Amino acid sequence: MTLLNNIKSRLRPKRYAGVEMGQGATSYYYHLVVLEEEKGEIKTLRTKRELGSMEALVEALEDKGLPIFLSLNIRGILHKLVPGTNHGEAELLATVLPNAEEQEFWLQRQTGPDGVWASLVRRDAVQTVLDEFAAQELWVNQLLLGPFAVTPLWSFLDRKEALSTSAYQLDFDANGHLQSLRRSTADAEWTSVRVEEETLPSDLLPAFGSAFMGLVDAPDTLAVPRVAARQEEFFQWRIFQTGGWALLLGLLVILVLNTFFYYQYKDRNQDLSSQVFLADTQLERLDSLRAQVGRQEDFMQQTSLNQNSRTSYYADRIAATLPTGLQLSELEIFPILGRERDYREDQLIRYQKDRIRIRGLCKNSLTYNEWLTTLESLDWVDRAEHLEYQDLSSRLSRFELQLFIVPSE
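Values in this document were obtained by computation on a predicted structure and should not be read as measured data.

Student: Hey, could you run me through the overall build of the protein chain in this one?
Tutor: Along its length, the protein chain carries 8 helices and 17 strands. Residue burial in the protein chain is summarised as follows: out of 409 residues, 37% are buried. When contacts within the protein chain are restricted to residue pairs at least 6 apart in sequence, long-range pairs at least 24 apart make up 63% of them. On the protein chain, roughly 23800 Å² of surface is accessible, and the fraction owed to carbon and sulfur atoms is 51%.

Set out below in structure tokens:
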């Protein structure tokens, strides 16, 4: 199977409309049957009888995208069973209508065991019908003259003799071969017929058979170039339609993935921004801390505070309570009393030995408040005093607090 045939097989429609177009005493009529193939089974979706206009047919179809198999039973179509099977088209044409010009007629042949059913119709009559369907933007993909679409249904029918349709009376032999057909009379009545599990009036058999032949991709018996071109246009339209949906689905997938990655990188960017902000804050404090370290070292050497004390114990206990989502930027154990700039160089700096000042960053106030409660529960903490809490962004806040140490006895 070539690639093109493989594509056509995959794009083969699962729904087909069978239409019989006939001609009454004063006007045309249309019988419609829409069949669908699903999981190897064929079921009937819609049936309509005796539609009186092309507009009524379009409304009954409900979907202009359905391919149509048209059985044509208008006036001017001649059928004749010619004995034997080895006949050329010119011979069949002369047998059905002597002296007919080949370029003026379409010839259809249905070969059976006892001969060939030759059907003849003027080309301009077919052209007029196809123009009407094209004006309504309908897809006539296959065309059959006469009631021969009933023949493939014969083995599925519960009754097999003298079948009546709107246009013809059909007689089959015991093997399902059409033996004769004759025009239905004005007083002819249709009967109810079962096709497997479906029950339908016998005048719908040509439309039902046409839809069935479309679904099983029956070969064309009437080679009308315009119908073949319309069939190819339908195939191209199906490719465009399927490709359009595939493209739309692909764009939707890309959009979903793009949205997913956007929010992933957005959250990551916010986390990195928070880390950068913290680093900048720490760098801003670096110079002043260096100076303070030098002064603190001198002070510790000049005093006895560098001896055994509880400062390391306080720092260790505070660090042990530090929760996830909270980070310290400054820890002052025994902060300077007053402001450092108010001291002269010859003055000894005094410290507040009863408190600890803490500054840092946290992701939310709940974490901060829970930690504040934890600090207050320490046995060496007299009380905790909240000094400042400021939101720096939607994901980061700055805080400052101080702890008052329980006075030693």
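Student: Would you explain the sheet that holds strand 11 (residues 178-183) in this entry?
Tutor: On the basis of which strands lie adjacent, the open sheet formed by 3 strands has the order 9-10-11 and antiparallel pairing. The open sheet has two edge strands with one neighbour each: strand 9 (163-164) and strand 11. As paired strands, strand 10 (residues 168-172) and strand 11 are joined by 5 bridges and run antiparallel to one another. Each bridged residue has a counterpart across the sheet, and for Q169 the counterpart in strand 11 is R182.

Student: Explain helix 8 (residues 365-376) here, please?
Tutor: For an α-helix, the turn length of 3.6 residues means that residues three or four places apart are oriented alike. In a regular helix each residue adds 1.5 Å, so 12 residues correspond to 16 Å; helix 8 covers 17 Å between its end C-alpha atoms and thus fits that length. Listed in full, the buried residues belonging to helix 8 are T367, Y368, W371, L372 and L375. When helix 8 is viewed along its axis, its buried side chains cluster within an angular range of 135° and face the same direction. Residues of helix 8 that are exposed and point more than 90 degrees away from the buried face comprise L366 and T373. On the buried face of helix 8, the contacting elements are helix 7 (311-320), strand 14 (326-333), strand 15 (355-362), strand 16 (381-393) and strand 17 (396-405). Structurally, the start of helix 8 carries an N-cap: the backbone nitrogen of L366 is 3.2 Å from a side-chain oxygen of N364.

Student: Honestly, the pattern of salt bridges in this entry has me stumped. Any pointers?
Tutor: Oppositely charged side chains are able to pair whenever their charged atoms sit close together. Overall, the coordinates contain 18 salt bridges when judged by the stated rule. One salt bridge connects E38 with K43, and the closest N-O pair in it is separated by 2.9 Å. Note on K43: relative accessible area 38%, which makes it partly exposed. We note a salt bridge from D171 to R182, for which the minimum N-O separation is 2.4 Å. Here D171 is found in strand 10, whereas its partner R182 is found in strand 11, with 11 residues between them in sequence. The class for R182 is partly exposed, based on a relative accessible area of 41%.

Student: When you look at the layout of surface pockets in this model, what are you seeing that I'm missing?
Tutor: The method is simple in principle: a probe with the dimensions of a water molecule rolls over the atoms, and the space it marks as empty is what remains. Considered as a void within the structure, the largest pocket measures approximately 490 Å³ in volume. Taken together, 26 residues make up the lining of the largest pocket; nearest its centre are G24, Y29, S166, A167 and T185. Taken together, the elements giving at least two residues each to the lining of the largest pocket come down to strand 2 (28-38) and strand 3 (41-51). Residue composition of the lining of the largest pocket, by class: 9 nonpolar, 11 polar and 6 charged.

Student: So what exactly am I meant to see when it comes to the sheet that holds strand 8 (residues 139-145) here?
Tutor: Within a sheet, neighbouring strands are paired by backbone hydrogen bonds and run either parallel or antiparallel to one another. Taking strand neighbours across the sheet as the criterion, the 5 strands line up as 3-2-1-4-8 in an open arrangement whose pairing is mixed. Two strands lie at the open edges of the sheet, namely strand 3 and strand 8, each paired on one side alone. When the angles between neighbouring strand axes are averaged without regard to direction, this sheet yields 20°. The sheet contact formed by strand 4 (residues 67-73) and strand 8 spans 6 bridges and is parallel. Bridge pairing in strand 8 places P67 opposite W139. Contacts from helix 4 (residues 123-135) reach strand 1 (15-23), strand 2, strand 4 and strand 8 within the one sheet, and its direction differs from that of strand 4 by about 145°. Each of strand 1, strand 2, strand 3, strand 4 and strand 8 touches helix 5 (residues 205-215); the most contacted strand, strand 1, lies at about 145° to it.

Definitions and limits used
Residues numbered from 1 in each chain as written. Predicted model: local features only at pLDDT ≥ 70, side-chain atom pairs only at ≥ 80, totals over all residues. Heavy atoms only, no water. Helix = DSSP H or I, 4+ residues; strand = E, 2+ residues; numbered from the N terminus. Buried < 20%, exposed > 50% of the residue type's maximum accessible area, 1.4 Å probe, protein only. Contact = heavy atoms within 4.5 Å. Areas by Shrake-Rupley, 256 points an atom, 1.4 Å probe, with all protein chains shown as cover. Pairing = 2+ DSSP bridges. Expected span 1.5 Å × (residues − 1). Arc of directions from axis to C-beta. Polar contact = N/O pair within 3.5 Å; in protein donor to acceptor, adjacent residues only side chain to side chain. Salt bridge = Lys/Arg side-chain N within 4 Å of Asp/Glu carboxyl O. 1 Å grid on protein atoms, 1.4 Å probe; cavity = no way out; pocket = protein on both sides within 12 Å on 5 of 7 lines; lining within 4 Å. Points joined across faces, edges and corners; volume = space filled by probe spheres on them. Nonpolar A, V, L, I, M, F, W, Y, C, P; charged D, E, K, R; others polar. Axes fitted to C-alpha atoms, helices over the stretch in contact; angles between N-to-C directions.

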